[in-house]
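Residues per chain, in single letters:
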2 protein chains.
Amino acid sequence: MPTLSEVARHAGVTPATVSNVLRKRGRVGETTRQRVLDAVAALGYRPHLAARALAEGRAPTLALMVSSIANPFYPEFALAVERAARASGHFVIICNTNEDPLTGRAYLDQIAGTLSEGVLVTNANLDFADLRKTEARGTPVVLCMWERPTEPPGLPCVAVDFRLAGKLAGEHLLELGHRRFGAIVGSKASGIHAARYEGFVDALRAAGVTKNRVRHAADTIQGGYLAARALLEADPQPSAIFATNDLPALGAMHAIADLGLRVPDDLSVIGITDIQLARESRPALTTVAVPTVEVAGLAVELLRELIETSYGQAGRDVRDVTAPVPMRVSSEPKLVVRASTAAPRSR
Amino acid sequence: MPTLSEVARHAGVTPATVSNVLRKRGRVGETTRQRVLDAVAALGYRPHLAARALAEGRAPTLALMVSSIANPFYPEFALAVERAARASGHFVIICNTNEDPLTGRAYLDQIAGTLSEGVLVTNANLDFADLRKTEARGTPVVLCMWERPTEPPGLPCVAVDFRLAGKLAGEHLLELGHRRFGAIVGSKASGIHAARYEGFVDALRAAGVTKNRVRHAADTIQGGYLAARALLEADPQPSAIFATNDLPALGAMHAIADLGLRVPDDLSVIGITDIQLARESRPALTTVAVPTVEVAGLAVELLRELIETSYGQAGRDVRDVTAPVPMRVSSEPKLVVRASTAAPRSR
DNA sequence: TTGAAAGCGCTAACAG
DNA sequence: CTGTTAGCGCTTTCAA
């Protein structure tokens, strides 16, 4: 592979000049510029990104921490992140923590600041202390899906009003006439879906409804399946099931089918997120859509800003503790009515 | 962030020594070794990967080219790749070509050899010429899912006997007693699923069956849905549907349900791959499983070997044209019988 | 407008 | 065993 200096020699100039025309900085005479460009083309020169990273003191990559690509939401989000990152000249390194904080820490220790100049975190079951540490070391970190716009975490983040999402789901069900509910709350361990459930309860409470049983579950189809089976044993049976996530909602639909009941005739089901599968399931899942692409865009943008500014000021020191931690709030979640919800069979 | 020389100073040795103890090469005295290690711990030193990459002339990352993470197979595969890559000390940069050869080329041009020392390609709709070019430039490329073990492509690859997969699917349906088939063949444009269909036809032919209609479709649930609707208009209707991929098979199940028919009572459906969703759909999908994890492992392993050897010999020159292109063959696809197939209602 | 020179942080011979 | 000496390929002041 040809190097900068080879190009320079070929064009009869110095490496510095070549660098200048390539980075479009410093005035360069039009003729030499052309000569350099020709040489670049002739030799098929491509800049060596690792070398550039070293010289610039910053790598052109972002680390995307995810807890498990098994959940189809992550790939969708990763795709959006990749698009946004690329638009800002970054590559994305995918870091699968596998729900294991140690793996997450190992990743952070290795690449943060040395191979990637920023870290994006989805609900990756990471130790906040580890994140703060990498931040303190000078590598900005952004939380991509903070659930409570009103309660900022100690880290930069993009917040989505998930409480509202839960509320919208509840209101939709109530409007259809449902009064007996079963709720499937995911991410039990991290408690990260609590806000969604609170919103749901807000709606019920506002309507004076108290017929609601809760069940915690893993964030999977299987988890939702199991939880729904348990919920459906109640007497009287709920007429609608709310899940804090689409995957468990899908599982609930399976459970209902296995019991010989029909959605939405016998039972309504609603989820949150609007993953692709929600559109493609049968019946298609009614859900509260989260603006995934927008969130990805905001997250990358915020991260970029942090990178830019933290490089300007105070070297790689800890962020000024008195300064507020930046937060972006996405547009509101929106109800998407599809075929899994309907009025209850009888009142 | 502390640097190697800072650690060296702190330990009262030279950078070279620190490097030696860290890389475990060159004999180092036990006492100095300890001293260095202490200094590393005290300063919280972490090697700068970009710097190391430059010095070593090789980056610790692999590029994984995928056409679209939308298809749930890719994330599953990506996960397996990431695991394998990490085990060999590599990070993986995810490159979404979006089915667009130009995007793919741009990725290759930028990172191959400069930020990643190897390229893994799934069915990413890439221009073979581009791949050969990056290979010729000295960056090994491995095709992850070559469909015909008997017909090696011009590039190193891991092959899966997809023709056999199709055959197994056909045989399963035949054994159940089916004689009228509908086939949904995906990836029409690239023709990449042809082998699967050929295998299916092999089975039918061996059984003397000719009642088989084909329909091409996009590799999506939606694509399968549409194709199945078309297939089911035939008279007499097929009693079983074979899809060259799980996603379209799932779509076919939806179409059947929408027509008021039941799987597997009225129609049987079978796919290929065994993505997670196949297990979680209702009814659970019978399919021919591809050893995804194994393939990922073989691909990374092969890539590693190519990296190792191509660095030893002949600098970064084109691979010896007379040498055979290396190929690994995965273990055979296996039939996984679940709930979407059964004997036809009547003969 | 261009060139010279120093250095990013680390590795890799080769000496001592 | 450990230190010296060169770079890896590129960017970036600072001079010319």
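As the structure is a prediction and not an experimental result, all values here were calculated from the model. (Residues numbered from 1 in each chain as written. Chains lettered and ligands numbered in written order. Predicted model: local features only at pLDDT ≥ 70, side-chain atom pairs only at ≥ 80, totals over all residues. Heavy atoms only, no water.)

Peer 1: Help me out: how do you make sense of the overall build of chain A in this one?
Peer 2: Scanning chain A from terminus to terminus reveals 13 helices and 12 strands. Seen through its C-alpha atoms, chain A measures out along the principal axes to roughly 85 × 45 × 30 Å. Going through the 347 residues of chain A one by one, you find that 53% of them count as buried. In chain A, once contacts between residues fewer than 6 apart in sequence are set aside, the share between residues at least 24 apart is 72%. As displayed, chain A offers around 14,400 Å² of accessible surface, 52% of which is attributable to carbon and sulfur atoms. When the 39 basic and 36 acidic side-chain charges of chain A are each reduced to a single mean position, those positions are 2 Å apart. (Helix = DSSP H or I, 4+ residues; strand = E, 2+ residues; numbered from the N terminus. Buried < 20%, exposed > 50% of the residue type's maximum accessible area, 1.4 Å probe, protein only. Contact = heavy atoms within 4.5 Å. Areas by Shrake-Rupley, 256 points an atom, 1.4 Å probe, with all protein chains shown as cover. Lys, Arg positive; Asp, Glu negative; His and termini not counted. Charge placed at Lys NZ, Arg CZ, Asp CG, Glu CD.)

Peer 1: For this particular structure, what's the right way to read the protein's contact with DNA strand C?
Peer 2: Surrounding DNA strand C, one finds 24 residues, the nearest of these being Arg27 and Gly29 of chain A together with Leu4, Tyr45 and Arg52 of chain B. The sugar and phosphate moieties of DNA strand C supply 80% of its atoms located within 4 Å of the protein. Backbone polar atom of Gly29 of chain A to a phosphate oxygen of DNA strand C: 2.4 Å apart, as the coordinates give it. Elements with a minimum of two residues in the surface near DNA strand C: helix H2 (15-23) and helix H4 (49-56) of chain A together with helix H2 (15-23) and helix H4 (49-56) of chain B. Of the residues forming the surface near DNA strand C, the biggest block, 4 residues, is contributed by H4 of chain B. Of the residues contributing to the surface near DNA strand C, the split by class is 11 nonpolar, 8 polar and 5 charged. (Near = heavy atom within 4 Å. Polar contact = N/O pair within 3.5 Å; in protein donor to acceptor, adjacent residues only side chain to side chain. Nonpolar A, V, L, I, M, F, W, Y, C, P; charged D, E, K, R; others polar.)

Peer 1: For this particular structure, what's the right way to read the sheet that holds strand S6 (residues 181-185) of chain A?
Peer 2: What links the strands of a sheet is backbone hydrogen bonding, and the strands pair in either a parallel or an antiparallel sense. Residue and element names in this part refer to chain A. In space, the 6 strands of this open sheet follow the order S7-S6-S8-S9-S10-S12, with mixed pairing throughout. Each end of this open sheet is capped by a strand with a single partner; those strands are strand S7 (212-216) and strand S12 (334-336). On average, each strand axis in the sheet is inclined to that of its neighbour by 20°, with strand direction left out of account. With 4 bridges connecting them, strand S9 (residues 268-273) and strand S10 (residues 286-289) associate as parallel partners. Residue pairing across strands places Thr273 opposite Ala289, the latter belonging to S10. Across the sheet, helix H11 (residues 246-258) touches S6, strand S8 (240-243), S9 and S10, and the angle it forms with S9 is around 160°. (Pairing = 2+ DSSP bridges. Axes fitted to C-alpha atoms, helices over the stretch in contact; angles between N-to-C directions.)

Peer 1: Would you take a moment to explain the environment of Val290 of chain A for this structure?
Peer 2: Note on placement: Val290 of chain A falls in the loop between S10 and helix H13 (292-312). Each C-alpha atom, one on Val290 of chain A and one on Arg179 of chain A, is 25 Å from the other, the two residues being 111 residues apart in sequence.

Peer 1: I would appreciate a short explanation of the relation of the copies chain B and chain A in the present structure.
Peer 2: Each of the two copies of the chain can be brought onto the other by a rotation about an axis and a shift along it. After a rotation of 180° and a shift along the axis of 0.0 Å, chain B superposes on chain A with an RMSD of 0.1 Å. Such a combination of rotation and displacement between the chain copies is what one expects of a two-fold axis. Closest approach to the rotation axis among the C-alpha atoms of chain B is made by Ile93 of chain B, whose C-alpha sits 2.2 Å away. (Least-squares fit on C-alpha atoms with pLDDT ≥ 70 in both.)

Peer 1: I'm lost on the interface of chain B and chain A in this one. Help?
Peer 2: The accessible area lost on association of the parts is a frequent measure of interface size. On the chain A side, the residues contacting the 46 residues of chain B number 48 residues. Between chain B and chain A lies a buried interface of about 4,500 Å² when both sides are counted; carbon and sulfur atoms form 60% of it. Among the residues of chain B in contact with chain A, Arg46, Thr114 and Arg282 of chain B are the three that bury the most area, contributing 14% of the side total. Salt-bridge contacts for Arg282 of chain B lead to Asp258 of chain A; the nearest nitrogen and oxygen are separated by 2.8 Å. Applying the counting criterion to the chain B and chain A interface returns 20 residue pairs in polar contact (both at pLDDT 80 or more). Mapped onto the side of chain B that touches chain A, the elements with two or more residues apiece are H4, helix H5 (73-87), strand S2 (91-96), helix H6 (101-111), helix H10 (221-231), helix H11 (246-258) and helix H12 (276-280) of chain B. Tallied by class, the residues present in the side of chain B that touches chain A amount to 26 nonpolar, 11 polar and 9 charged. (Buried area = accessible area lost by both parts, 1.4 Å probe. Salt bridge = Lys/Arg side-chain N within 4 Å of Asp/Glu carboxyl O.)

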